[in-house]
Amino acid sequence: RAQRYGVDCGEGLEWPAGWVPGREYAKPLVLTNKSDSAMRLRYRLPDSKYFSMAFPEEIFLLPGLTHTLVVTFRPVHLESYDDAVQFSNERGTFYIPIRAHVPSAAAVVPETLDFGFCPVDETAVRTFPISNRGQLPITFEWSYDGPFRLSPASGAMPPGSSVTITARFTPSDATVCVARCVCTIPEDRAHVMTLEGIGKYPFLASDYEAINFGRVLVGATARAEFRLSNQSPVSARYFISQRERDAARTVSLAPVSGVIPPGGAETVTAIFRPDVRGTQTREIYDVVTTGGNRIAIECAGEAIGPIVELSARSVDFGDVPIEEPRRTVTRVVQLQNRSNSHVPFQLHAVEENGAFAVGCTAGVVPPRLSHTLRLTYSFSEPGNYYRRVVILVHNQAPLCLDVVGTGFNDKKRPMTLALPVVARARARARRGLHLLSPEELDASASAKRARSAALLEGASSGSGEGESEGEGESEGDQDEDDEVELMNEVFYGCCDPTAALAFDEEYLDFGAASRLRVGEPRLLRLTNRTRGKIAVRWALPHGYASGGSLDRLGAVFAVNPATCDVAPESTATFKVHFLPRSDSQHYFQRLECVASFKSMRSFRLVSEDNFVPPWSLAVGAHGHTFAPGASRFIAQPLLSHPVLSFPVCHVGETGYQTVSLTNEGETPMMFSLRTGANCNFAIVPPAGVVPTLGTQLLAVRFSPTEVAQYDRTVSLVLNGEEANPLKMRLLGAGSEASLRLPHGGRLFLPTTCVGASSTACLTISNPTRLPLAYEWDLPESAADVLSVSPAAGVLSGKASLQTTWVFSPSLPGPMLAKVPCLVSAVDSRTGGTGSYEVLNQVLTV
């Protein structure tokens, strides 16, 4: 208009919604001369009577000047008004519109929404706005179908507002989805919106599907990584879960869930952290994607204990004179730690100032270093002394140290005790001859020599046999010193029902006592099951090292009588007295009893045939001197295994572990176990005192009697605080060997020609966590035409193995064979099958 007519007057005049009928509304209309010459303008009034202007007069406008006209709007009804003002000049005629609007609804809805690719069974979310650009409030309601969802599905919008709509797309399979959604707005109209999306299956791949951590030291950590890569065009949401949870968890994965973008990858870290030796872990973790594939990750590892060795397995003090002034005879043994961890140890049932003085009965061996055990012969009476000291080592099988010595003076001179004598005596005990008296041993040796002499007079071939028999019985088999034998000595202690000598109690609890009065003694009965007379003497500790100054000066426990003789196959009773010397003190000591045959007192009565080493029995005694109601010391314990989970154990077998109890306080800590009636778990020692900043090792035994899961909680009462015990949970599982054969124990080999062969594979699996040995026993009728590889082997717990079967017929016709598979558990300690029952499982081929 400005270029054609030379006049600029805007786009016109509008009265938006909001005016009221019966009122007057005025607006200016500005005319501007945009040309380079003066002009004359004439205008015509609007046709409608609702718009009015001044009487039309000719308007003379110089270049660049403006003229303002006032247009007045006087509505009488609430309706739309539309008119125009006609202008004319030398160049022509043009119209300027004038309008008045009433309130209206005007919604804006997108026409399309594209989700693109979306993983199957997952929900993709998009948002979009709808707005009300009108002057009236509106309501809306969505109608849709298919895998799309909109929220909110309905609502209201005031003028000038907008609402954010959330759209969700959940495809159930890989397909293209197109849907038409209708947004119904009664005040306006129905708006149609097209929703589009494509469902795709996610697919994850792993660079490793089997991780073997190898042998890992208990308490150490082994790490391994594997990468999950997303090879699909959609994001993949994954979750990692353990397939079976029938054993304690030793492997952890991180992260266990996440979302991998298309073409991306994520690294998952597997951590193997065993806390119990002997654990053979084989866990399967499933990596599952929603609507996609599943990956099985197998994690395997074995927990091993530290390697701690003794520099010598025996200590021989030789002949030690008992005289004044006393001579000090000391021997040194090194505990050598070959591993990279600190290893606590404990000399079981040994007192520092007992029959032989020990510098330290418990401690910690640093990594790759050694600890010195200093033993001093401290007997005050002449006689032979022998004791097998069991050394508990945390997370390792126990060690043993044989200690022998002979004390003598001018009046008593026993025969020198040497280690070969001990070896022969232990060999006799394994053959059940430990109850024979020295006289019976002499008679047996004489009879043996007579038989040997008779054989020597006979054939020369019989001479060799006689010598070999004599050598075998005199020396006997060497002790295996395996874990079971040593742990039996720990758990049975001085109450072994099969031993030559045994007490009726191993631990005497005196409870509360006072240093001001003598309490009631406890009776202790010793049973002599041998056929010889026994001489008994007590070797009590010299003072109580963990007590007060007065306790260190003299014995706090006394036994009456201190010496006595016990007739063959009879008993003797002793009175044990508790004699504390300090108030507010806990006491615990091992009282050692040394017994030997009466005839062993002099070398004149002893020969090589009837020489029997003495027995050493240790009885635990404990009590305290806290007044009733008095506050005890606050215990600060640290338990290495609040939850102790045993490796799976064969029914009828026994498993052993150790637990360390550390006293982090500044005062000694008394502990006593409250185990209840349960024969499957046992703990030794049941009571004791842990010195300041010291550590006590507890031996724990697990003996399953049936195939089941075992769960038991024991309480450790510390410093007599019954109301607040320290809890320890014991877990174990009993199992038996079993082999799983697929397809119902049937294998079909393809038909083949005579002279050729056909092959089939059979995967056998071990459903238990026990390692097992298997062997296929091919019958003679099928041995020429049927073979299997491998024919025998060992399957670890939860492992599978593929065997290959080959059919090579020599004659036409069908073949049907029943092939037994001999299955037996593998002894985890020796690696052999032991004495376990052999199962016979049959495969039909």
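Because the structure is predicted, anything quoted here is derived from the model rather than measured. (Residues numbered from 1 in each chain as written. Predicted model: local features only at pLDDT ≥ 70, side-chain atom pairs only at ≥ 80, totals over all residues. Heavy atoms only, no water.)

A.B. asks: Just checking my understanding: could you explain the overall build of the chain for this structure?
C.D. replies: For the chain, the count of helices and strands is 5 helices and 62 strands. Over its C-alpha atoms the chain spans a radius of gyration of 49 Å, topping by over 25% the 28 Å that the globule rule assigns to 845 residues. Dimensions of the chain, computed from the C-alpha atoms along their principal axes, are close to 165 × 95 × 45 Å. A total of 845 residues make up the chain; the buried ones form 47% of that total. Of the roughly 40,600 Å² that the chain leaves accessible, carbon and sulfur atoms contribute 50%. Within the chain, one finds 77 positive and 88 negative side-chain charges whose respective centroids are separated by 5 Å. (Helix = DSSP H or I, 4+ residues; strand = E, 2+ residues; numbered from the N terminus. Rg over C-alpha atoms; globule rule 2.2 N^0.38 Å. Buried < 20%, exposed > 50% of the residue type's maximum accessible area, 1.4 Å probe, protein only. Areas by Shrake-Rupley, 256 points an atom, 1.4 Å probe, with all protein chains shown as cover. Lys, Arg positive; Asp, Glu negative; His and termini not counted. Charge placed at Lys NZ, Arg CZ, Asp CG, Glu CD.)

A.B. asks: Explain unusual backbone geometry here, please?
C.D. replies: For residues besides glycine, phi is generally negative; the peptide bonds are generally trans as well. A cis amide bond, omega -5°, links Ser151 with the succeeding residue Pro152. Cis geometry marks the peptide bond from Ser789 to Pro790; its omega dihedral reads -10°. Mapped onto the elements, Pro790 comes out in the loop between strand S58 (786-789) and strand S59 (792-795). Positive phi outside glycine occurs at Glu569, with the angle close to 50°. One can find Glu569 in the loop between strand S42 (563-566) and strand S43 (570-578).

A.B. asks: What exactly am I supposed to notice about the layout of surface pockets here?
C.D. replies: The gaps left among the atoms become clear once a water-sized probe is rolled over them. Roughly 1,100 Å³ of volume is contained in the second largest pocket. Of all the secondary-structure elements, those providing two or more residues to the lining of the second largest pocket are strand S35 (383-393), helix H2 (419-430), helix H5 (483-492), strand S44 (586-597) and strand S45 (615-624). The leading source of residues in the lining of the second largest pocket is H2, at 6 residues. (1 Å grid on protein atoms, 1.4 Å probe; cavity = no way out; pocket = protein on both sides within 12 Å on 5 of 7 lines; lining within 4 Å. Points joined across faces, edges and corners; volume = space filled by probe spheres on them.)

A.B. asks: I tried to follow the nonpolar core on my own but got confused; where do I start?
C.D. replies: Side chains that are nonpolar tend, in soluble globular proteins, to be buried together. Phe503, Val536, Trp538 and Phe574 are the most contacted members of the largest nonpolar core, which totals 58 residues. Top element by residues in this core is S44. It accounts for 6 residues. Val329, Val365, Val403 and Val594 belong to the second-largest nonpolar core, a separate cluster that totals 30 residues. (Core = buried A, V, L, I, M, F, W, Y, C linked by side-chain atoms within 4.5 Å.)

A.B. asks: How should the sheet that holds S44 be read in this particular structure?
C.D. replies: Strand order in the open sheet made by the 5 strands is S38-S45-S44-S40-S42, with mixed pairing throughout. Of all the strands in the sheet, the pair left with one neighbour each is strand S38 (507-512) and S42. Going across the sheet, the axis of each strand differs from the next one's by a mean of 25°, ignoring polarity. When S38 meets S45, the two strands line up parallel, connected through 5 bridges. The residue of S45 that forms the bridge with Gly511 is Gly623. (Pairing = 2+ DSSP bridges. Axes fitted to C-alpha atoms, helices over the stretch in contact; angles between N-to-C directions.)

A.B. asks: Please explain the state of the cysteines as it appears in this structure.
C.D. replies: Linking two cysteines covalently through their sulfur atoms gives a disulfide. As enumerated under the stated definition, the model contains 0 disulfides in all. Take Cys177: it sits in no disulfide, and the sulfur closest to it among the cysteines is that of Cys118, at 9.4 Å. We note that Cys593 lacks a disulfide partner, and the nearest cysteine sulfur, in Cys564, lies 7.8 Å from it. (Disulfide = S-S within 2.5 Å.)

A.B. asks: Before we go on, may I ask you to explain empty space enclosed by the protein in this structure?
C.D. replies: The tally for this structure, following the rule as stated, stands at 1 cavity of 30 Å³ or more. In terms of residue class, the lining of the largest cavity is made up of 4 nonpolar, 1 polar and 4 charged. (Nonpolar A, V, L, I, M, F, W, Y, C, P; charged D, E, K, R; others polar.)

A.B. asks: Can you help me understand the environment of Pro779 in this one?
C.D. replies: Note that Pro779 resides in the loop between strand S57 (772-776) and S58. Assessed through its relative accessible area of 22%, Pro779 is described here as partly exposed. Excluding residues within four positions of it along the chain, Pro779 makes contact with Lys818 and Val819. (Contact = heavy atoms within 4.5 Å.)

A.B. asks: Looking at this structure, I do not really get H5. What am I missing?
C.D. replies: Every α-helix winds through 3.6 residues per turn, so residues three or four apart in the chain are directed the same way. Listing the buried residues of H5 in full gives Glu483, Leu486, Met487, Val490 and Phe491. Down the axis, H5 shows its buried residues gathered within 135° of arc, on one side only. Of the surrounding elements, those touching the buried residues of H5 are S35, strand S36 (396-408), strand S49 (655-663), strand S51 (681-684) and strand S53 (695-702). Taken from the residues just after H5, Gly493 is the one with a positive phi, measuring 55°. (Arc of directions from axis to C-beta.)

A.B. asks: Sorry, what's going on with the packing of aromatic side chains here?
C.D. replies: Aromatic ring pairs: the centre-centre distance and the angle between the two ring planes describe each pair. Considering all chains together, one arrives at 35 aromatic pairs under this definition. Summarising the aromatic geometry, the rings of Phe128 and Trp142 are spaced 5.9 Å apart at their centres and angled 85° between planes, so their arrangement reads as edge-to-face. Remark: Trp142 occurs in strand S13 (residues 138-143) and Phe128 occurs in strand S12 (residues 124-132); sequence separation between them is 14 residues. We classify Phe128 as buried; its relative accessible area is 5%. Its relative accessible area of 6% is what places Trp142 among the buried residues. Taking 5.0 Å as the distance between ring centres and 80° as the angle between the ring planes, the aromatic pair formed by Trp776 and Trp805 counts as edge-to-face. Of this pair, Trp776 sits in strand S57 while Trp805 sits in strand S60 (residues 800-807), and the two are 29 residues apart along the sequence. Trp776 sits in the buried class, given a relative accessible area of 6%. For Trp805, a relative accessible area of 0% gives the class buried. Taken together, the aromatic side chains of Trp15, Trp19, Tyr25, Tyr50, Phe51, Phe73 and Tyr81 make up a single cluster linked through ring pairs. Over the ring of Trp15 we find Lys27, and its NZ or CZ is 5.3 Å from the ring centre. (Phe/Tyr/Trp six-rings, centres within 6.5 Å; stacked < 30°, edge-to-face > 60°. Lys NZ or Arg CZ within 6 Å of the ring centre and 35° of its normal.)

A.B. asks: Teacher, can you tell me more about the sheet that holds strand S6 (residues 59-61) here?
C.D. replies: The pairing of strands in a sheet comes from backbone hydrogen bonds and takes either a parallel or an antiparallel form. As summarised here, the arrangement of the 5 strands in space is S2-S9-S8-S4-S6, forming an open sheet in which the pairing is mixed. Both outer strands of the open sheet, strand S2 (13-15) and S6, are each paired with one neighbouring strand and no more. On average, adjacent strands in this sheet sit at an angle of 25° to one another, irrespective of strand direction. With 3 bridges joining them, strand S4 (residues 39-44) and S6 adopt antiparallel strand pairing.

A.B. asks: How do you make sense of the environment of Ala499 when you look at a structure like this?
C.D. replies: Note on placement: Ala499 falls in the loop between H5 and strand S37 (501-503). Taking the C-alpha atoms as reference points, Ala499 and Gln135, 364 residues apart in sequence, are found 105 Å from one another. For Ala499, the contacting residues outside a window of four places in its chain are His434 and Arg529.

A.B. asks: Honestly, the pattern of salt bridges in this entry has me stumped. Any pointers?
C.D. replies: A side chain with one charge may pair with a side chain of the opposite charge, provided their charged atoms come close. This structure, assessed with the given rule, holds 25 salt bridges. In this structure, the salt-bridge partner of Asp583 is Arg515, at a minimum N-O distance of 3.0 Å. Note that Asp583 is positioned in the loop between S43 and S44 and Arg515 in the loop between S38 and strand S39 (522-528), a separation of 68 residues in sequence. The class for Asp583 is partly exposed, based on a relative accessible area of 43%. Bridged by salt links that share partners, the residues Arg40, Arg42 and Glu58 form one connected network. (Salt bridge = Lys/Arg side-chain N within 4 Å of Asp/Glu carboxyl O.)

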